[in-house]
Amino acid sequence: MKFFDPHIHMTARTTDDYQRMVEMGIRAVCEPAFWLGQPRTHAGTYEDYLKTIIGWERFRASQFGIHHFCTIALNPREANSHIAPEVMELLPLYIHKESVLGIGEIGLDDMTSVEEKYFLAQLQLAKEHNLPVIIHTPHRNKKEGTQRSIDIVKEVGINQKQVVIDHNMEETLPLVLEQTDCWAGHTIYPQTKMSKDRMVKLVQQYGVERILVNSSADWGMSDPLNIPKTAGLMKEANFSDADIEKLFWKNPIAFYASSGKISEEMIAEPIKIDQTQFWEDNSILRGQSPVVE
Amino acid sequence: MFDAIIEKYIPAEKYLSLQKQLQQLENSYTTNKFIEIFSKVYMFNCDIKITGEDREKLKNVMANIEFDYWSLEDMIRAAIVKRIQFLPEKDYVEAIEKSYRIADTKEQCSLLKILAISQYREKLAHIAHSCVRTNIPDVLAALCCGNPYPYDYFSTQEFNNMVLKAVFMNISIAKIYGLVQKTNEALSRMANQYIDEREAANRDFPCDLWLIACPFSHGKDRERVYRYLHHKSVLHRYWVACSLLHEEDVQDSFVEKQIEIEDHIPTKEILQQIIDRRRNK
Ligand SMILES: [Zn+2]
């Protein structure tokens, strides 16, 4: 079984995690730009973070054969920071990169007016460039935050098939499915918030159409294997392989493919871990017992 | 020159759209527009291999560049950079600096290769210097392999630093442009110290290291060079032979002894050249 984790913060993970992810069948990941647990004090460090997720982290993932993509954004928490205007000016420079599949995560957190301002501006940017968007919903006051996010998406008039409203729970999922054409995202946590069992119950009730599931796996208590583990529970609950494949592989590809930057064909095979790095006809590395798959 | 190659390898409508974008860039230039066109080169599906014949054509115009290390993507990016040559020096340098600053890995590689044919390239050495601090092999290799820029613009110390970094990142130093000409006593000493460490730990080391460890070596270091001339690994024998080819002072007896028993033809031929050259003197 192949998996695509559509929302995972790999900068917080170790090489052991990458190793276990590959072993469990994770072929591709998308890393949304988020905050690092504490507010950054300079726009420059924000820019370096963006460079990390388009460059260094992509390289790290490739060493394990994993396709790494990202989305970039000014995240909701730091929308409230003095660095926000400068970060907003950086975004148009980075959206054209090959590995940048969209804008995210954006949205509301404390639900301040300044969060709304940058949420709107970034939805406009995505609309202008026809890019997918990841919308973070607040962990506190979730239902109200999700409803407000839906209203803003409608107000902007962006193509809803290119939008995922993320971190849903039992009480917010119906809002997204009934009121919009957006994708509904779910983040599985080991202890708090949405769990693997509850996720299985949700798909039993609502099916797998327009549903995305991710592990987030950031610097907090989290598990980068939550996608394959949830798939295992679905198998036990007698879901068909086709449904499981749709939920954890076809759906994320369909969502991100609207960027024009990825296709199933591109990521179906793992990246060749070829340390001889044949470059045209010339190896840049010397021929001494390299690890070649 | 690049245009003629690119036109052959990408579909006609994509080529026309690129030309149109570049024309617009010339007509109403902004750095951000340049950066956008430069970033979006991946959209041309650049996996196609350039034929050896076409690489030769480029070499005829730019003899010092090793185009074997260039992809179609690099060539398209070079064509884009060529189109902003009309800019005044300050704006041009700023455009290259900014595009490098926000570049992804593949763009960085392209820019490092393009440095060698860039305008005002003497003003762009800081980009090459920052590249030496990377940990991504492709990026360092873009500067090292077949690229004359470090040879032309790096100080001895900067050049040495780059070569050692390449050794540690498993990049073949034999591919570094002008390595033999630029090798110096300090670099040779560091290479020999590295070999000491590897031998002490009972570990092998890159065989092409002899290219920098052999020149300027004397005493026990030079004795070791001759010892590896008889090594069981053909790679060591081959690279020792290559490194001795450039040396003035070679003890023929070691070379002659190895010629008799050498079964690797290229190595044997190089050893013969060493002897012939000395006899002709
Ligand atoms: Zn997140």
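Since this is a predicted model, take the numbers as computed values, not measurements. (Residues numbered from 1 in each chain as written. Chains lettered and ligands numbered in written order. Predicted model: local features only at pLDDT ≥ 70, side-chain atom pairs only at ≥ 80, totals over all residues. Heavy atoms only, no water.)

Asks: Explanation requested: the coordination of the zinc ion in the structure shown.
Replies: The expected angle between donors at a tetrahedral four-coordinate metal is 109.5 degrees. At an octahedral six-coordinate metal it is 90 or 180 degrees. Residues and elements named next belong to chain A. Binding of the zinc ion to the protein goes through H7 (NE2), H9 (NE2) and E105 (OE), at separations of 1.9 to 2.1 Å. In primary-sequence terms, the residues that donate to the zinc ion follow H-x1-H-x95-E. Residue H9 is found in the loop between β1 (3-5) and α1 (15-23), and its partner E105 is found in strand β4 (residues 100-107); the two are separated by 96 residues along the sequence. According to the relative accessible area criterion, H9 is buried, its value standing at 5%. (Donors = N, O, S within 2.8 Å, 3.2 Å for Na, K, Ca; no water. Helix = DSSP H or I, 4+ residues; strand = E, 2+ residues; numbered from the N terminus. Buried < 20%, exposed > 50% of the residue type's maximum accessible area, 1.4 Å probe, protein only.)

Asks: Help me out: how do you make sense of the interface of chain B and chain A in this one?
Replies: Across the contact, 44 residues belong to chain B and 24 residues belong to chain A. Per-residue buried area on chain B facing chain A is highest for Y42, I102 and N170 of chain B; these three make up 21% of the total on that side. Joining chain B to chain A, the criterion identifies three salt bridges. Those elements that place two or more of their residues in the side of chain B that touches chain A are α3 (31-39), α6 (89-101), α7 (105-115), α9 (137-144) and α11 (156-168) of chain B. Per element, the largest residue contribution to the side of chain B that touches chain A is five residues, and it comes from α7 of chain B. (Contact = heavy atoms within 4.5 Å. Buried area = accessible area lost by both parts, 1.4 Å probe. Salt bridge = Lys/Arg side-chain N within 4 Å of Asp/Glu carboxyl O.)

Asks: Looking at this structure, I do not really get the pattern of salt bridges. What am I missing?
Replies: Side chains that differ in charge, positive against negative, can pair when their charged atoms come close. Residues and elements named next belong to chain B. Tallied over the entire structure, the rule returns 35 salt bridges over all chains. Across the salt bridge formed by D221 and R224, the nearest N and O atoms sit 3.5 Å from each other. Pair noted here: D221 and R224 are both in helix α15 (residues 219-229), with a separation of three residues, about one helical turn. Looking at D221, the relative accessible area reads 17%, which means it is buried. For R224, a relative accessible area of 4% gives the class buried. One salt bridge connects E247 with R222, and the closest N-O pair in it is separated by 2.7 Å. Of this pair, E247 sits in the loop between α16 (234-245) and α17 (252-261) while R222 sits in helix α15, placing them 25 residues apart in sequence.

Asks: Any chance you could explain the environment of D249 of chain B here in plain terms?
Replies: All names here are of chain B. Locating D249 in the fold gives a position in the loop between α16 and α17. Each C-alpha atom of the pair D249 and L16 lies 59 Å from the other, and the pair is 233 residues apart in sequence. Once residues lying within four places of it in the same chain are set aside, the contact partners of D249 are R222, Y226 and R278.

Asks: Hey, could you run me through the side chain of S99 of chain A in this one?
Replies: Counting through the fold element by element, S99 of chain A comes out in the loop between α4 (84-94) and β4. Apart from the residues within four sequence positions on either side, S99 of chain A is in contact with I54, R58, H68, F69 and C70 of chain A.

Asks: Can you help me understand the confidence of the model for chain B in this one?
Replies: Predicted coordinates in regions of low pLDDT should not be interpreted in detail. Counting all residues, the mean pLDDT for chain B is 93, and 100% of those residues have values of 70 or more. Taken together, the chains of this predicted complex give a pTM of 0.92 and an interface ipTM of 0.89. (pLDDT = per-residue confidence, 0-100.)

Asks: Whenever I open this one, the sheet that holds strand β5 (residues 133-136) of chain A confuses me. Can you help?
Replies: In sheet architecture, strand pairing relies on hydrogen bonds along the backbone and comes in two forms, parallel and antiparallel. Residue and element names in this part refer to chain A. Ordered by their spatial adjacency, eight strands build an open sheet running β1-β2-β3-β4-β5-β6-β7-β8, and the pairing between neighbours is parallel. Looking at which strands have only one partner, the edges of the open sheet turn out to be β1 and β8 (211-214). Strand-to-strand twist across the sheet, computed as the mean angle between neighbouring axes with direction ignored, equals 25°. Note: β1 against strand β2 (residues 26-32), three bridges, orientation parallel. When the sheet's bridge partners are listed, F4 is paired in β2 with A28. The strands touched by helix α9 (residues 226-236) are β1, β2 and β8; relative to β1, the strand with the most contacts, the crossing angle is about 130°. (Pairing = 2+ DSSP bridges. Axes fitted to C-alpha atoms, helices over the stretch in contact; angles between N-to-C directions.)

Asks: Would you mind showing me how to read the domain arrangement of chain B here?
Replies: You'll often see interface size given as the accessible area lost when the parts meet. The domain boundaries assigned to chain B delineate domain 1 (1-132) and domain 2 (183-281). Using only C-alpha atoms to locate each centre, domain 1 of chain B and domain 2 of chain B end up separated by 39 Å. (Domains from an automatic or database assignment.)

Asks: Looking at this structure, how should I read the packing of aromatic side chains?
Replies: The description of two aromatic rings rests on the distance between their centres and on the angle between their planes. One pass over the full model with this rule turns up 22 aromatic pairs over all chains. An angle of 35° between the planes, with centres 5.4 Å apart, marks the rings of W56 of chain A and F59 of chain A as tilted. Of this pair, W56 of chain A and F59 of chain A are both found in helix α2 (residues 43-62), three residues apart, which corresponds to roughly one turn of the helix. An angle of 40° between the planes, with centres 5.7 Å apart, marks the rings of F34 of chain B and F38 of chain B as tilted. Here F34 of chain B and its partner F38 of chain B are both found in helix α3, four residues apart, which amounts to about one turn of the helix. The same class applies to F34 of chain B as to F38 of chain B, namely buried. Here the guanidinium or amino end of R77 of chain B rests over the ring plane of F38 of chain B, the centre of that ring lying 5.2 Å away. In this arrangement the basic side chain of K182 of chain B is found over the ring face of Y151 of chain B, its NZ or CZ atom lying 5.8 Å from the centre. (Phe/Tyr/Trp six-rings, centres within 6.5 Å; stacked < 30°, edge-to-face > 60°. Lys NZ or Arg CZ within 6 Å of the ring centre and 35° of its normal.)

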